[in-house]
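Observations on the model geometry
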Amino acid sequence: MILSRMKPAVGAGPSDQQSNSKQVPTLEEFLERRDYTGAITILEFDQSSGKGTEMTNRWLGYCAFHLGDYQRALTIYQSLSRSKDAPEDLQTNLACCYFFLGMYPQSEKILDSAPASRLKTRLLFHLAHKLGDEKKLMEHHQQLQDVIEDQLSLASIHYLRSHYQEAIDIYKRILLDNSGILFPKQFPLKKRVSQDDIQLLSVLRSLKEYLALNVYVALCYYKLDYYDVSQEVLAVYLQKYPDSAIAINLKACNHFRLYNGKAAETEIKTLMDQSSSSFSFGHDLIRHNIVVFRGGTAALQVLPPLVDVIPEARLNLVIYHLKQEEYKEAFLLVKDLEPSVPQEYILKGVVNVAIGQESGSREHIKVAQQFFQLVGSSASECDTIPGRQCMASSFFLQRQFDDVMLYLSSIKSYYCNDDSFNFNYAQAKAALGHFKEAEEIFLMVQNEKLQNDYIYISHLARCYVMSGKPQSAWELYLKMETSADSFSLLQVLANDCYRMGQFWHAAKAFDMLERLDPSPEYWEGKRGACAGVFQLIIAGRQPKELLADVIQLLRNTANPQVETIIWTMKRWAKENKLNV
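**Regarding the overall build of the protein**
What the protein contains, in helices and strands, is 34 helices and zero strands. The buried share of the protein, taken over its 580 residues, is 45%. Sequence separation of at least 24 residues holds for 47% of the intrachain contacts in the protein that already meet a minimum separation of 6. Accessible surface, the protein: about 31,400 Å² in total, of which carbon and sulfur atoms supply 51%.

Encoded structure:
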């Protein structure tokens, strides 16, 4: 595991008499309880009192490493390397320290002089993964043996490469060898927990050895979006080790997914309290997750230094910039990122869409479409919600809205109250001519920022017009300030209302367009719309009183044809005893 655990040192009793009656725990007792702080205290006391030996330093290095203080462990092992009787595994231990400090080339170099061992093989296996050397990865994979340590190492590589099912299969085999319970050969993970899942959970709950398997399996379930199952598995481990940093952090992440950031922060509060005092292990991870739980608060202060420390830090910083509409900053963060997991492909696709739409770059749009298609069509993601969203996005960018609807409809029950989903879903409906349904979905959007977006306003206005509600569309225009967008909306209203035979609102829209831009085209549109209103009045489908307003609109134009048209209208009004 990357993270370890720590228990607080034993405090003094309520009285001197009670304290004296208790013996100080031995080093072995501290180690068995995994209280590395207590063990270090005993060892340092022995050193300061002159009782220290070479084994004291070796145990100090061991405890510092397991406490997560890799720099101190490295310093201790380096000191030991200068002694005449350095232990055989010292070079491998040094390499482990370099590895956990992220100094992979140094770790690989020092292993050249280390004697052969299973630990060395496992470490080389992990280094090949970290350094992206697929050839060496396969070589060291072949050297792994069918022992628990090697198999757990293989499972962790599967996990790091997003092969969560393969990792679970390894944990299954370990359980099979140690519990005597048989599992089916296939272990499918479905959205509904299967009987095989239930059997695995039962074994994990009853297992007395290898309790850490509960954490590993819980991590896999978390990555597979089975947050409730992950929580159930994790509870078994937390009953035994309630102070485990990685378990508490995972529990908080499950709560974040199942509930909200506030619930997650409540769970992680114990780690926050510890990190402010003697607890340093996993401090960066906790700070990172708190930023996520708080919706990006303090992101610019916390995340940039962690970009090359915690893989998710870069992705979450990109998300923060996207939410702030800082697309160039987001693009710089993913520009040189070579995606390896679905989340990275998706995020790089979203950034390219944002840049493409802002700059009008078809190249960026094409790159985004390819990323989305790659994720959505992959065997591992095609039946997941993110995978279907990706396919919908890919078809959306290609304007193939029948296919968009196919994918969005299949997941709409999961996003009935999600404004972004409804915004896109309504656009697809409108593109297919389902304006009544699109109108209803648009009106479900509650986000004010989206409601003020021109795309939203123009699409909703078109839906109103196509659904026979031109006045509602006109009111959307009246709420807008004068701008290029309001001018574009006028053009939409003028042409759509004319096409739908809603001539009075078409006439008003063309009149406004003509005032802003006295183009012959707008006059012709207004003239036709006014004639259309006149015909509707004659047919009794519009009130006669509207004729006075039509005449007033015509007078706003300095064109010789105006007087002829008005004369015709007035003559009809006189014949029908209408005062205009």
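Structure shown, so let's carry the discussion forward.
**Considerations on the side chain of N249**
Considering the arrangement of structural elements, one finds N249 in helix α15 (residues 245-258). Take N249: its relative accessible area is 8%, and that puts it in the buried class. A distance of 2.6 Å separates the side chain of N249 from the side chain of N289, its partner in a polar contact. Sequence-distant contacts of N249, that is, excluding residues within four places in its chain, are made with I268, L271, L285 and N289.

**With respect to the pattern of salt bridges**
Tallied over the full model, the rule gives 20 salt bridges. Here E437 ties to K429 by a salt bridge, and the two come within 2.5 Å at their closest N and O atoms. E437 sits in the partly exposed class, given a relative accessible area of 39%. Between D511 and K526 there is a salt bridge, and its shortest N-O distance comes to 3.0 Å. Within this pair, whereas D511 is found in helix α31 (residues 503-516), its partner K526 is found in helix α32 (residues 520-538), the two being separated by 15 residues in sequence. K526 carries the same exposure label as D511, and that label is buried.

**Regarding a nonpolar patch on the surface**
On the surface, M55, W59 and Y62 cluster together into a nonpolar patch covering about 260 Å² of accessible area. Positionally, Y62 belongs in helix α4 (residues 54-66).

**Overview of helix α28 (residues 454-466)**
Taking 1.5 Å per residue, 13 residues should reach 18 Å; α28 reaches 18 Å between its end C-alpha atoms and fits that length. Looking at α28, one finds that the buried residues are Y454, Y456, I457, S458, L460, A461, C463, Y464 and V465. Summarising the contacts, the buried residues of α28 are in contact with α25 (419-431), α26 (435-442), α27 (448-451), α29 (470-478) and α30 (484-499). Looking at where α28 begins, the residue whose side-chain oxygen comes 2.8 Å from the main-chain nitrogen of I455 is D453.

**Considering the packing of aromatic side chains**
If you walk through the whole model with that rule in mind, you get 26 aromatic pairs. Residues Y237 and Y241 carry aromatic rings whose centres are separated by 5.2 Å and whose planes lie at 45 degrees to one another, so their mutual orientation is tilted. Plain terms: the ring middles of F442 and Y456 are 5.4 Å apart, the flat faces sit at 90 degrees to each other, and that makes the pair edge-to-face. Separated by 14 residues along the polypeptide, F442 in helix α26 and Y456 in helix α28 bring together distant segments of the chain. On the accessibility criterion, Y456 (5% relative accessible area) is buried. Taken together, the ring pairs in this structure connect F65, Y70, F99, F100 and Y104 into an aromatic cluster.

**A look at the packing of α25 against α26**
Taken N-terminus to C-terminus, the directions of α25 and α26 make an angle of 165 degrees; their axes are 8 Å apart at the nearest point. With respect to α26, the axis of α25 lies roughly antiparallel. Crossing geometry of α25 relative to α26 is assigned as left-handed. Of α26, the residues touching α25 (which contributes N422, F423, Y425, A426, Q427, K429 and A430) are F435, E437, A438, I441 and F442. Looking at the contact of α25 with α26 residue by residue, the class counts come to eight nonpolar, two polar and two charged.

**Structural notes on the environment of D177**
Positionally, D177 belongs in helix α11 (residues 164-179). Given the relative accessible area of 62%, D177 is considered exposed. In sequence terms D177 and I148 are 29 residues apart; their C-alpha atoms lie 9.9 Å from each other.

**Considering the nonpolar core**
By size, the foremost hydrophobic cluster in this structure holds 68 residues, and its most contacted members are F442, L489, L493, L547 and L554. When sequence neighbours within four positions are dropped, the list of residues in contact with L554 reads W523, C530, V562, I565, I566 and M569. Within the second largest apolar cluster, 47 residues are counted, among which are A128, L154, I170 and A245.

**Description of unusual backbone geometry**
Note: most residues except glycine have negative phi, and most peptide bonds are trans. One non-glycine residue, S162, adopts positive backbone phi at about 70 degrees. Unlike most non-glycine residues, R399 shows phi in positive territory, near 60 degrees. Tracing the backbone through its elements, the reader meets R399 in the loop between α23 (385-397) and α24 (401-411). The class of R399 is exposed, set by a relative accessible area of 62%.

**Brief notes about helix α6 (residues 90-100)**
It helps to recall that an α-helix has 3.6 residues per turn; residues three or four apart then point in one direction. Among the 11 residues that make up α6, nine are buried, leaving the element largely enclosed by the rest of the structure. Every buried residue of α6 is accounted for by L90, T92, N93, L94, A95, C96, C97, Y98 and F99. Those residues of α6 hidden inside the fold are in contact with α4, α5 (70-81), α7 (104-111) and α8 (118-130). Phi for G102, located one or two positions after α6, is positive at around 80 degrees.

**Regarding the packing of α30 against α31**
Close contact between α30 and α31 brings their axes to 8 Å; oriented N to C, the two are set at 145 degrees. Of the two elements, α30 crosses α31, and the hand of that crossing is left-handed. Across the interface between the two elements, F487, L490, Q491, L493, A494, N495, C497 and Y498 of α30 pack against F503, H505, A506, A509, F510, M512, L513 and L516 of α31. Residues of the contact of α30 with α31, tallied by class, amount to 13 nonpolar, three polar and no charged.

**A short note on the confidence of the model for the protein**
Of the residues in the protein, 89% have a pLDDT of 70 or more, and the chain-wide mean is 88. Predicted confidence for residues 1-21 stays below pLDDT 50, and this span has 40 contacts to residues more than four positions away or in other chains. Note that residues 275-279 has pLDDT below 50 and, in this model, seven contacts with residues that lie over four places away or in other chains.

**Section: the environment of K262**
Here K262 shows up in helix α16 (residues 261-275). Note: C-alpha distance between K262 and A252 (10 residues apart in sequence) is 9.8 Å.

Each value, and the rule that gives it
Residues numbered from 1 in each chain as written. Predicted model: local features only at pLDDT ≥ 70, side-chain atom pairs only at ≥ 80, totals over all residues. Heavy atoms only, no water. Helix = DSSP H or I, 4+ residues; strand = E, 2+ residues; numbered from the N terminus. Buried < 20%, exposed > 50% of the residue type's maximum accessible area, 1.4 Å probe, protein only. Contact = heavy atoms within 4.5 Å. Areas by Shrake-Rupley, 256 points an atom, 1.4 Å probe, with all protein chains shown as cover. Polar contact = N/O pair within 3.5 Å; in protein donor to acceptor, adjacent residues only side chain to side chain. Salt bridge = Lys/Arg side-chain N within 4 Å of Asp/Glu carboxyl O. Patch = residues over 30% accessible without salt bridge, like charges linked within 9 Å, V, L, I, M, F, W, Y side chains within 5 Å. Expected span 1.5 Å × (residues − 1). Phe/Tyr/Trp six-rings, centres within 6.5 Å; stacked < 30°, edge-to-face > 60°. Axes fitted to C-alpha atoms, helices over the stretch in contact; angles between N-to-C directions. Parallel < 35°, antiparallel > 145°, perpendicular 65-115°, else oblique. Left-handed = near helix turned anticlockwise from the far one by under 90°. Nonpolar A, V, L, I, M, F, W, Y, C, P; charged D, E, K, R; others polar. Core = buried A, V, L, I, M, F, W, Y, C linked by side-chain atoms within 4.5 Å. pLDDT = per-residue confidence, 0-100.

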